[in-house]
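What follows is each chain in one-letter form.
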Amino acid sequence: MSSSPLAIVILAAGIGSRMKSTLHKVLHPVGGRPMIAHLRETVDELGPARVVVVTGPGADAVVAAAAPAEAAVQDPPLGTADAVAKAKAVLGDFDGDLIVLYGDAPLVEAETLKRLLAGLRGGAKLALLGFRPDDPAQYGRLVLDGAGGLERIVEFKDASAAERAIGLCNAGILAADARSLFALLPRIDNRNAKGEYYLTDAVALAREEGFGLALAEAAVHEVQGVNTRADLAAAEAAVQRLYRRRALDAGVTLIDPESVYFSFDTDLGPDVVVEPNVVFAPGVTVGPGARIRAFSHLEGARVAASAIIGPFARLRPGAAIAEKAHVGNFVEIKNAVIEAGAKVNHLTYIGDARVGAGANIGAGTITCNYDGFGKYHTEIGAGAFIGSNTALVAPVTVGAGAIVGAGSTIARDVAAGELAVTRAEQAAVAGGAERFRARARAKAATAKAARAKGVS
Ligand code: UD1
Ligand code: CA
């Protein structure tokens, strides 16, 4: 697209104090992953030659979440222009286009960034991104000249009442010819309400220099900044709207879209049906025609075509449910393969296991996979039948076609085709029920008589 190389600078050295959090602001998840990871993936679509993340000291986790990226440290944070100066030191004599992104505005789309870059193709040295939020709140305002060209940016705290009435706001994202922008940085001062070096002052300086300026606009949901927990919730709502739309467009039925929550990487095949109140945590793939019934929670799980999950099922990481298998209500599956057509329908925990094709796992079956120290595997062969309320003490194997009687505790392997039952002998007492009732009635009558005496 562009002939000049591209560098991306992501600013994330701010303190984020309004989040009131011990977690770095840009590591707060949106759509199941850190904000900064969204940006990192988006910029990949532009094929950048360099990606630099500006953070405060000791923010290795932030750089890691943006990998692969180079780190620049800004300490103390003296403002966004100073932050870009720190990136400049890392970029050295980089010559090409530069895009500056704010780590706390994670939802900008690659297409928008491409439009911004296109502004530079027209000869401008600096291209700004504006947007028109319903409530312009604390955003910087884009001040236009009489001809509709960009004149300068005024930060909310420094703005007059007339300037605050401007609806066009600074998204905080800009593209520039790197060398031109770098040349302006030393001229930016901190004589303003916050005492910070504002990157936004580059606009007025660029105008003084006679640099061409370009302006692009973005949709509000793309550039809403996250400064508070309320903003974080709004960003989450925005990505969820996007993900629901994406699922519907991919041929998925969502009976009540608003009640279903997705992650950035949720992958649903055509003709999947998702009933209300389902949560897809990260790492879930669902094959064509599968049905995810109401109130299920899935994470790190693979569900194959035409399987049925739920209602009220929980699939944890490493769950792999094969074609036409059923996982029913109040069933938890962790790190286990449920092979084709197997049924695990009620009140069961299957962890660290393989359940063979067509096996039937009765209600209340538990794989006892953990002894407080290690985790152990349970192997259940194809076509096996596990009676209700069975405890399978791992490591243990139940062979193909075997039957385990209800209520058993299976601590030794069961061979293929065997019937195993560990139940205690059942005692039968002829006429015992009637004798029991007679005794019970007599006891109750005596107690009642005693009470009556007591009160009189
Ligand atoms: C900024 C813009 C404002 C815009 C708004 C959009 C400036 C001066 N203002 O305001 O015009 O409307 O974003 O969301 O740029 N950062 C550093 N080092 C610093 C200061 C900030 O890396 O010294 C980083 C922050 O971590 C954050 C980003 O820069 O990711 C923006 O900083 P923030 O303080 O949130 O700026 P706003 O007041 O939101
Ligand atoms: Ca901000």
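Refer to the structure above for everything that follows.
Report follows, based on the coordinates. Note that the coordinates shown come from a computational prediction; the quantities given were computed from them, not determined experimentally. (Residues numbered from 1 in each chain as written. Chains lettered and ligands numbered in written order. Predicted model: local features only at pLDDT ≥ 70, side-chain atom pairs only at ≥ 80, totals over all residues. Heavy atoms only, no water.)

**Topic: the overall build of the protein chain**
And then number 1: Secondary structure assignment for the protein chain yields 10 helices and 33 strands.
And then number 2: For a compact globule of 456 residues, the expected C-alpha radius of gyration is about 23 Å, and the protein chain comes in at 32 Å, more than 25% above that figure.
And then number 3: With respect to the three principal axes, the spread of C-alpha positions in the protein chain is 105 × 70 × 40 Å.
And then number 4: Burial analysis of the protein chain (456 residues in total) assigns 46% to the buried set.
And then number 5: Taking all contacts inside the protein chain whose residues are at least 6 apart in sequence as the whole, residues at least 24 apart take part in 42%.
And then number 6: Across the protein chain, the centroid of the 47 positively charged side chains sits 12 Å from that of the 48 negatively charged ones. (Helix = DSSP H or I, 4+ residues; strand = E, 2+ residues; numbered from the N terminus. Rg over C-alpha atoms; globule rule 2.2 N^0.38 Å. Buried < 20%, exposed > 50% of the residue type's maximum accessible area, 1.4 Å probe, protein only. Contact = heavy atoms within 4.5 Å. Lys, Arg positive; Asp, Glu negative; His and termini not counted. Charge placed at Lys NZ, Arg CZ, Asp CG, Glu CD.)

**Some details on the packing of aromatic side chains**
Centre-to-centre distance and the angle between the planes together describe a pair of aromatic rings.
And then number 1: In total, this model carries four aromatic pairs according to the counting rule given.
And then number 2: With a centroid separation of 5.2 Å and an interplanar angle of 20 degrees, the aromatic rings of Phe-312 and Phe-330 are classed as stacked. Taken together, the residues span a long stretch of sequence, with Phe-312 in the loop between β20 (308–309) and β21 (313–315) and Phe-330 in strand β23 (residues 326–338) at a distance of 18 residues.
And then number 3: Overall, Phe-312 belongs to the partly exposed group, its relative accessible area being 39%.
And then number 4: The structure contains a cluster of three or more aromatic residues connected by ring pairs, namely Phe-295, Phe-312 and Phe-330.
And then number 5: Across the ring face of Phe-156, the terminal group of Arg-164 is positioned such that the distance to the ring centre comes to 4.0 Å.
And then number 6: We note Lys-375 situated over the ring of Tyr-370; from NZ or CZ to the ring centre the distance is 5.0 Å. (Phe/Tyr/Trp six-rings, centres within 6.5 Å; stacked < 30°, edge-to-face > 60°. Lys NZ or Arg CZ within 6 Å of the ring centre and 35° of its normal.)

**What to know about the layout of surface pockets**
And then number 1: Estimated volume of the largest pocket: approximately 1300 Å³.
And then number 2: Forming the walls of the largest pocket are 43 residues, and the residues nearest its centre are Arg-18, Lys-25, Asp-104, Lys-194 and Asn-227.
And then number 3: Put simply, the parts of the chain that give the lining of the largest pocket at least two residues each are β1 (6–12), α3 (80–91), β10 (169–177) and α9 (229–249).
And then number 4: In terms of residue count, the dominant contributor to the lining of the largest pocket is β10 (three residues). (1 Å grid on protein atoms, 1.4 Å probe; cavity = no way out; pocket = protein on both sides within 12 Å on 5 of 7 lines; lining within 4 Å. Points joined across faces, edges and corners; volume = space filled by probe spheres on them.)

**Digging into unusual backbone geometry**
And then number 1: The step from Ala-67 to Pro-68 runs through a cis peptide bond, and the omega angle for that step is -5 degrees.
And then number 2: Note that Pro-68 resides in the loop between α2 (60–65) and β5 (70–73).
And then number 3: Following Gly-310, the chain continues into Pro-311 via a peptide bond in cis, with omega recorded as 5 degrees.
And then number 4: Within the element layout of this structure, Pro-311 appears in the loop between β20 and β21.
And then number 5: Although it is not a glycine, Asn-277 sits at a positive phi angle of roughly 60 degrees.
And then number 6: Tracing the sequence through the fold places Asn-277 in the loop between β14 (273–274) and β15 (279–280).

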